[in-house]
Number of protein chains: 2
Amino acid sequence: MSQNAREQAVLSAVRERRELVNDAIDEDLPPKRPERLYEASRYLLKAGGKRLRPAVLLLTAEALADVELGSTDYREFPDLHGEVIDVMASAVSIEVIQSFTLIHDDIMDDDDLRRGVPAVHREYDTETAILAGDTLYSKAFEIMLRTEAPAERGLEAMRTLAETCTHICEGQALDVDFETRSDVLPDEYMEMVELKTAVLFAAASTLPGILLGADDDTVEALYNYGLRVGQAFQIHDDVLDLTVPSEKLGKQRGSDLVENKKTVVTLHAAKHGVDVGDLLDTNDPEEVTDEEIEAAVAELRDVGSIEYARDLADDLVAEGKAHLEVLPENEAHTRLEQVADYLVEREY
Amino acid sequence: MSQNAREQAVLSAVRERRELVNDAIDEDLPPKRPERLYEASRYLLKAGGKRLRPAVLLLTAEALADVELGSTDYREFPDLHGEVIDVMASAVSIEVIQSFTLIHDDIMDDDDLRRGVPAVHREYDTETAILAGDTLYSKAFEIMLRTEAPAERGLEAMRTLAETCTHICEGQALDVDFETRSDVLPDEYMEMVELKTAVLFAAASTLPGILLGADDDTVEALYNYGLRVGQAFQIHDDVLDLTVPSEKLGKQRGSDLVENKKTVVTLHAAKHGVDVGDLLDTNDPEEVTDEEIEAAVAELRDVGSIEYARDLADDLVAEGKAHLEVLPENEAHTRLEQVADYLVEREY
């Protein structure tokens, strides 16, 4: 299948599930009192988002249960032992966690824009944004309790969710720490990416294994698929931050450079003699021009750092896809392979 | 028993359990990498705290299981059906949630001091404090998963924890909202106190019921004990904020007045003709003197508002204690009654 045909297949699979996920978010996280708190909590979720993690979760469930693609009610989904599970609740829970982390990260990074709209702490205020994130945090746990899976599996799903959240916090702490360190090693960066980003993809791909009652080897293989693909996703995101215009990104191009974030790209460049701290010769982040970003990116490209990052992401995707061999051969399985490819081919 | 003897009995029961709870916190939340994140997460927990909620939880477990006071390992505690439960893990989980809420509340309220030491966002920075709170949040869920209760009860404990956290966020949102409203009704204030403060006491008192396998009526009665006592606790806290010197409080005396927080005291005063917004005639919170606080408190005392709050707290304690009739008669049961009395008699 050509890259274009593959991309269309993925986008259509994601889009079809996105509609259902958006409806489910409204059902599982309706507006309620205190009004302003729930408005702020729902603001970013309502502002859009591709719903990639829910799509991965739902496709994994379909591949595992070996059902015809898009044929089955995700709220009453057949497990592997004759029970019925609400896998959609777990998909909503993961998206709600994603939203909570974005809200708090934007406060910590003092980012103004997200998904093309003001960040929650800009649209409301920092206090409200902290509290909106905290509310989504517990709501995600409440929603994960609604899968109606047998109790042992339900507990395992809660464990996965809790450990995932802890890892995300640890990853964010490393990310912030790296901003002021000049001696970050590539392995440390990969650990940070695993904790901050990849574990949530891993949770999305492994939760159907847990909830539908797959064996331990399958649950682990699905986890590793998400982990590798999630790492690739973040590395590709780092590349996009450098190469895609702001209006397409929905946030400032080159924001990682401006904030002195370490990425695979800048670590590779530093190793190859580029003075990364000096790429942007301004002290005022507000004053960085598109031309300065473009010049910095050209230097990174010339030294091979952007190509290096792309290659690394490709390798991780290949590794991730190999873990899918535990799944039956079916259309959903194919789509999960294509999603992995898409994540490192997408242009925004 | 005299008030003094009762207070000594309570303080000694709380103190004996506090040592064990502190050890358990170190076991269940050890320092780890990233170091700064876990240091900040543990900072407030290590700074002290009375461990009232864990004490209520452990005493409730002892009363329910009808064991001799202080005789039983909380890590291997007998349930009502011949199984062994780690009730200490649930006590630690509740204290960790309490710590998370204090860290985030102090950021939102811009409070400088807590437990006599700088608030986490002052000792570290706001970003680290947000992340430390987020880390404690998921850790509390991880720790609650370690009780080894049968899966159905374990899930119910997780549900209680998640719903409690949501309620605390809702209560904090109402509290912040009330600061800029002049038309807060007493019922709204009581709802805020229930959500912000009382539900965590209720969680502490009901969790042993859930984990040890008590019947639904007992679980509900224990919840209501904690709820009423928790409301009384907060109302008494509001009184203490006005009447106790800063050095004894561990934070600025009168901070609620300075921040224009609504309390039962100020709502009563407003209803009786006091212009509460005008009690402190300064626009700069940093400039408020002890004398000004004293004058404001005198006005509140003269109109009967402080006595009104004390009476209300006493009524709630009586109501709370009545719910304990579901428990067997034993020393732990008596201690829980005394704890309720102590919470509205304590001087800081």
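Keep in mind that this is a model prediction, so the values were computed, not measured.

Participant: Which parts of the structure should I look at to understand the layout of surface pockets?
Facilitator: The gaps left among the atoms become clear once a water-sized probe is rolled over them. Residue and element names in this part refer to chain B. Space inside the second largest pocket adds up to approximately 1,300 Å³. Lining the second largest pocket we find 48 residues, and of these Lys 50, Arg 114, Phe 233, Asp 237 and Lys 251 sit closest to its centre. With 7 residues, the top contributor of residues to the lining of the second largest pocket is helix H4 (residues 87-109). The residue inventory of the lining of the second largest pocket, partitioned by class, reads 14 nonpolar, 8 polar and 26 charged.

Participant: Please explain empty space enclosed by the protein as it appears in this structure.
Facilitator: Across all of its chains, the model carries 3 cavities of 30 Å³ or more by this definition. Estimates place the volume of the largest cavity at around 60 Å³. In terms of lining, the largest cavity is formed by Phe100(A), Thr101(A), His104(A), Asp105(A), Met108(A), Ile168(A), Cys169(A), Gln172(A), Leu131(B) and Asp134(B). Among the secondary structure elements, those contributing two or more residues to the lining of the largest cavity are helix H4 (87-109) and helix H7 (151-179) of chain A together with helix H6 (126-144) of chain B. With 5 residues, H4(A) is the single largest residue contributor to the lining of the largest cavity. For the lining of the largest cavity, the class distribution of residues is 5 nonpolar, 3 polar and 2 charged.

Participant: What should I look at first to understand the pattern of salt bridges in this one?
Facilitator: For side chains bearing opposite charge, pairing can occur when the charged atoms are close. By the definition in use, this model includes 67 salt bridges over all chains. Glu62(A) serves as the salt-bridge partner of Arg17(A), at 3.0 Å between the closest nitrogen and oxygen. Taken together, the residues Arg17(A) in helix H1 (residues 3-28) and Glu62(A) in helix H3 (residues 52-65) connect sequence positions 45 residues apart. Judged by relative accessible area, Arg17(A) falls into the buried class, the value being 2%. By relative accessible area, Glu62(A) is classed as buried at 0%. Among the salt bridges present, the one from Glu294(B) reaches Arg253(B), with a minimum N-O distance of 3.0 Å. Taken together, the residues Glu294(B) in helix H13 (residues 290-302) and Arg253(B) in the loop between helix H10 (246-249) and helix H11 (255-258) connect sequence positions 41 residues apart. Residues participating in the shared-partner salt-bridge network are Glu27(A), Asp28(A), Arg75(A), Asp86(A) and Arg146(A).

Participant: How should the packing of aromatic side chains be read in this particular structure?
Facilitator: One pair of aromatic rings is described through two measures. These are the centre distance and the angle between the planes. Counted by the stated rule, this structure contains 12 aromatic pairs over all chains. Ring plane angle 15° and centroid distance 6.1 Å describe the contact between Tyr74(B) and Phe77(B), whose orientation is recorded as stacked. With a relative accessible area of 0%, Phe77(B) lands in the buried category. Every member of this aromatic cluster is reached through a ring pair, and the members are Phe100(A), Tyr137(A), Phe141(A), Phe100(B), Tyr137(B) and Phe141(B).

Participant: Help me understand a negative patch on the surface in this model?
Facilitator: All names here are of chain A. A grouping of Asp 275, Asp 278, Asp 281, Glu 299 and Asp 302 is seen on the molecular surface, where their side chains present a negatively charged patch. Along the chain, Asp 281 falls in the loop between helix H12 (264-271) and helix H13 (290-302). Here Asp 281 falls in the exposed class, since its relative accessible area comes to 64%.

Participant: Please explain the relation of the copies chain A and chain B as it appears in this structure.
Facilitator: For the match of chain A to chain B, the screw axis carries a shift of 0.0 Å, the RMSD comes to 0.0 Å, and the turn is 180°. Here the transformation between the copies is reduced to the relation of a two-fold axis. Within chain A, Ala151(A) has its C-alpha nearest the rotation axis, a separation of 2.7 Å. Of the interface residues in chain A, 100% have counterparts in chain B that sit at the interface too, so the contact is made through matching surfaces.

Participant: When you look at the environment of Arg53(B) in this model, what are you seeing that I'm missing?
Facilitator: Note that Arg53(B) resides in helix H3 (residues 52-65). Leave out the neighbours within four places in its chain, and Arg53(B) touches Ile94(B), Gln98(B), Leu200(B), Phe201(B), Ala204(B) and Phe233(B).

Participant: Where do I start with the side chain of Lys139(A) in this structure?
Facilitator: With respect to the helices and strands, Lys139(A) occurs in helix H6 (residues 126-144). Given the relative accessible area of 9%, Lys139(A) is considered buried. Setting aside its immediate chain neighbours within four residues, Lys139(A) contacts Leu29(A), Tyr38(A) and Thr166(B).

Participant: Can you help me understand the interface of chain A and chain B in this one?
Facilitator: By a frequent convention, interface size equals the accessible area lost on bringing the separate parts together. On the chain B side, the residues contacting the 36 residues of chain A number 36 residues. Counting the surface lost from both chain A and chain B, the interface buries some 3,300 Å², and carbon and sulfur atoms represent 71% of this. Scanning the region where chain A abuts chain B turns up 4 salt bridges. The shortest N-O distance in the salt bridge between Arg33(B) and Glu191(A) comes to 3.4 Å. Looking at the side of chain A that touches chain B residue by residue, the class counts come to 19 nonpolar, 6 polar and 11 charged.

Participant: Before we go on, may I ask you to explain the packing of H6(A) against H4(B) in this structure?
Facilitator: Each pair of packed helices can be described by the angle between their axes along with the distance between the axes. The N-to-C vectors of H6(A) and H4(B) enclose an angle of 160°; their axes lie 9 Å apart at closest approach. Taken together, the axes of H6(A) and H4(B) are roughly antiparallel relative to one another. For the crossing formed where H6(A) meets H4(B), the hand is left-handed. Here Glu127(A), Ile130(A), Leu131(A) and Asp134(A) of H6(A) lie close against H4(B), whose contacting residues are Phe100(B), His104(B), Ile107(B) and Met108(B). By residue class, the composition of the contact of H6(A) with H4(B) is 5 nonpolar, 1 polar and 2 charged.

Rules used throughout
Residues numbered from 1 in each chain as written. Chains lettered and ligands numbered in written order. Predicted model: local features only at pLDDT ≥ 70, side-chain atom pairs only at ≥ 80, totals over all residues. Heavy atoms only, no water. 1 Å grid on protein atoms, 1.4 Å probe; cavity = no way out; pocket = protein on both sides within 12 Å on 5 of 7 lines; lining within 4 Å. Points joined across faces, edges and corners; volume = space filled by probe spheres on them. Helix = DSSP H or I, 4+ residues; strand = E, 2+ residues; numbered from the N terminus. Nonpolar A, V, L, I, M, F, W, Y, C, P; charged D, E, K, R; others polar. Salt bridge = Lys/Arg side-chain N within 4 Å of Asp/Glu carboxyl O. Buried < 20%, exposed > 50% of the residue type's maximum accessible area, 1.4 Å probe, protein only. Phe/Tyr/Trp six-rings, centres within 6.5 Å; stacked < 30°, edge-to-face > 60°. Patch = residues over 30% accessible without salt bridge, like charges linked within 9 Å, V, L, I, M, F, W, Y side chains within 5 Å. Areas by Shrake-Rupley, 256 points an atom, 1.4 Å probe, with all protein chains shown as cover. Lys, Arg positive; Asp, Glu negative; His and termini not counted. Charge placed at Lys NZ, Arg CZ, Asp CG, Glu CD. Least-squares fit on C-alpha atoms with pLDDT ≥ 70 in both. Contact = heavy atoms within 4.5 Å. Buried area = accessible area lost by both parts, 1.4 Å probe. Axes fitted to C-alpha atoms, helices over the stretch in contact; angles between N-to-C directions. Parallel < 35°, antiparallel > 145°, perpendicular 65-115°, else oblique. Left-handed = near helix turned anticlockwise from the far one by under 90°.

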